[in-house]
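# Coordinate analysis (summary)
One letter stands for each residue in the lines below.
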Amino acid sequence: MNGSAALVDNANASQSRRVFWDQDVYQLELERIFSRCWLMLGHDSLVPKSGDFITTYMAEDRVILSRQPDGSLKAFINSCTHRGNQVCHADSGSAKAFVCNYHGWVFGQDGALVDVPMEERCYHNDLDKSKLGLTQIRVETYKGFIFGCHDPEAPSLEEYLGDFCWYLDSIWDTPDGGMELLGPPLKSTLACNWKVPTENFVGDGYHVGWTHAAALQMIGGELSGLSGNRADMPFDDLGLQFTVRHGHGFGLIHNAASSIHVKRDGYVKYMDETRGAVREKLGPEREMLYVGHWNTSIFPNCSFLYGTNTFKIWHPRGPHEIEVWTYTMVPKGADAETKRSMQREAIRSFGTAGTLESDDGENMSSATYNNQGVITRRGRMNSSMGLNREGPHPVFPGIVGVSFIGETSYRGFYRFWQEMIDAPDWAAVKAGDADWDKMWTNRNFWPDRLAAQQAEPQD
Ligand code: FES
Ligand SMILES: [Fe+2]
């Protein structure tokens, strides 16, 4: 399909509305994105011991993730190789075997078929069980976060995260042990295309002051100044925006990590106590990231707010619906009471009844369902904010935009989306590694800007 030029126009930063609506586009996404990319499954903290398992999804496929006796992880498709019944219906647990409740086939904790009822009497020992294990999925972890991938040609997880590791390390590789996930997840369905919340989290600092004006006023504190998008706010000095080769990205608000939390004494104390060690281990730039607030998406469909601590996976259910799973992401090193309080605050703001997240539902579904109209659907969407006020940076990898209110990370997300949709295989994607960022033509934006700032008299 070379029609993708009509779907995403990088030079002019626009996308066809069909990317939120068309079934054939969605089908391509299932095949070329969700069947090929590394998808978030969870974290070590959700399956700490041998036998521990969770059930989850990779797009529309049900999967089981299981901790093995040797400490490694395996994941496999949660569908019986006999007649296709779902093997495990529990959300989580501990099991040495999974028994299909249709005819009783038994799969080991590694997914192998280990037993079938009446194997001798009725199969006459003719069944080759070794070929009937559950379909295996590649599993790799990065700093405790567990991803799965169906494509043997895909790069390693670390290569897939690429430059984004440098950023993630500032929160996932801290001297205190990084972050972990707290479950069980909240789950809800939302009538929207999966990309609407993903793009919102990857790069939408713009909507915060408008959509969430009421909540920000109620919470007060550092971010209340955003409420109403007042013209006197020095947005360029408040943060930055980042995007990298494989579409991951985030927006950063300086010094605002815990700002959405109301009861946050433990969190603030924890940050004060740990930032020095982060600076020592990772340097001042990443200490700056550590104390900032992030709105982040890991391509394709995992998003989180570092600081607010909500952690989301947007599982697609066709082009017009998602099932949202919401965990809490907390620093491993914090004490139990502080973690508990972070979880309460994260859920109060961004859970299913979240004081901020519940503002967004209509934005998500309306941006999707308006395209039911054919005339509407012929139109395009714009993501040009801050175009050209971005480029390669001498310190930060990837492409950096000048403000957290801008659409740099949208552009990076859709650039990679289009690349994946166009590419017949991973080899074709890898062939683009060297000049992936050529669409950002203002190569001297940061060198010039930083030089100009240095030349300014300091007060
Ligand atoms: S479908 Fe699973 S045992 Fe028959
Ligand atoms: Fe929002």
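Residues numbered from 1 in each chain as written. Chains lettered and ligands numbered in written order. Predicted model: local features only at pLDDT ≥ 70, side-chain atom pairs only at ≥ 80, totals over all residues. Heavy atoms only, no water.

Looking at an unreviewed UniProt entry, one finds the protein chain named Aromatic ring-hydroxylating dioxygenase subunit alpha, with Sphingobium yanoikuyae as its source organism. Word for word, the UniProt comment on the protein chain under Sequence similarities (unreviewed entry) is "Belongs to the bacterial ring-hydroxylating dioxygenase alpha subunit family." (UniProt positions renumbered as here; feature names shortened; annotations may be inferred.)

Next up on the list: the domain arrangement of the protein chain. According to the domain assignment, the protein chain consists of domain 1 (39-141) and domain 2 (163-437). A straight line from the C-alpha centre of domain 1 to that of domain 2 covers 33 Å. Across the boundary between the two partners, domain 1 contributes 13 residues, which contact 21 residues of domain 2. Around 1,200 Å² of area is buried between domain 1 and domain 2 when both sides are counted, 63% of it from carbon and sulfur atoms. One can count one salt bridge joining domain 1 with domain 2. The residue Asp91 makes a salt bridge to Lys187 at a minimum N-O spacing of 3.2 Å. Scanning the region where domain 1 abuts domain 2 turns up five residue pairs in polar contact (both at pLDDT 80 or more). Listed by contribution, the elements that provide at least two residues to the side of domain 1 that touches domain 2 are β3 (39-43) and β4 (52-58). Considering only residue class, the side of domain 1 that touches domain 2 consists of six nonpolar, five polar and two charged. (Domains from an automatic or database assignment. Contact = heavy atoms within 4.5 Å. Buried area = accessible area lost by both parts, 1.4 Å probe. Salt bridge = Lys/Arg side-chain N within 4 Å of Asp/Glu carboxyl O. Polar contact = N/O pair within 3.5 Å; in protein donor to acceptor, adjacent residues only side chain to side chain. Helix = DSSP H or I, 4+ residues; strand = E, 2+ residues; numbered from the N terminus. Nonpolar A, V, L, I, M, F, W, Y, C, P; charged D, E, K, R; others polar.)

This paragraph deals with the layout of surface pockets. In this structure, the largest pocket occupies an estimated 490 Å³ of space. For the lining of the largest pocket, the secondary structure elements donating two or more residues are α5 (195-203), α12 (357-369) and β20 (380-382). Here the lining of the largest pocket takes four residues from α12, the largest share from any one element. Broken down by class, the residue content of the lining of the largest pocket amounts to seven nonpolar, nine polar and six charged. (1 Å grid on protein atoms, 1.4 Å probe; cavity = no way out; pocket = protein on both sides within 12 Å on 5 of 7 lines; lining within 4 Å. Points joined across faces, edges and corners; volume = space filled by probe spheres on them.)

Another point: the nonpolar core. One recurring pattern in soluble globular proteins is that nonpolar side chains are buried together. In terms of nonpolar packing, the biggest core is built from 113 residues, with Tyr167, Trp172, Phe304, Met329 and Trp417 touching the most fellow members. Every residue in contact with Phe304, bar those within four places of it in the chain, is listed here: Leu168, Ile171, Trp172, Phe201, Trp294, Asn295, Thr296, Ile298, Thr310, Phe311 and Met329. With 15 residues, the next largest nonpolar core counts Phe53, Cys80, Val87 and Phe107 among its residues. (Core = buried A, V, L, I, M, F, W, Y, C linked by side-chain atoms within 4.5 Å. Buried < 20%, exposed > 50% of the residue type's maximum accessible area, 1.4 Å probe, protein only.)

A few words now on the sheet that holds strand β2 (residues 14-16). Strand order in this open sheet of three strands is β1-β2-β20, and the pairing throughout is antiparallel. Edge strands, defined here as strands with exactly one partner in the open sheet, are β1 (8-9) and β20. Across two bridges, β1 lies against β2 in antiparallel orientation. Pairing of Val8 across the sheet is with Gln15, part of β2. (Pairing = 2+ DSSP bridges.)

Burial of strand β16 (residues 293-298) is extensive: six of the six residues sit out of reach of the surface. What you see with β16 is no split at all: His293, Asn295 and Ser297 on one side and Trp294, Thr296 and Ile298 on the other are buried throughout. Turn length for the β16-strand β17 (residues 302-306) hairpin, with the two strands adjacent in sequence and antiparallel, is three residues.

When the UniProt feature table is mapped onto this chain, "domain: Rieske" (unreviewed entry) is found at residues 38-148. Between the first and last C-alpha atoms of residues 38-148 the distance is 5 Å; the span itself is 0% helix and 42% strand.

It is worth spelling out the sheet that holds strand β8 (residues 97-99) at this point. With antiparallel pairing, the three strands of this open sheet are ordered in space as β8-β9-β10. Because the sheet does not close on itself, it has two edges, and the strands there are β8 and β10 (113-115). Averaged over all adjacent pairs, the angle separating strand axes in this sheet is 40 degrees, with direction ignored. (Axes fitted to C-alpha atoms, helices over the stretch in contact; angles between N-to-C directions.)

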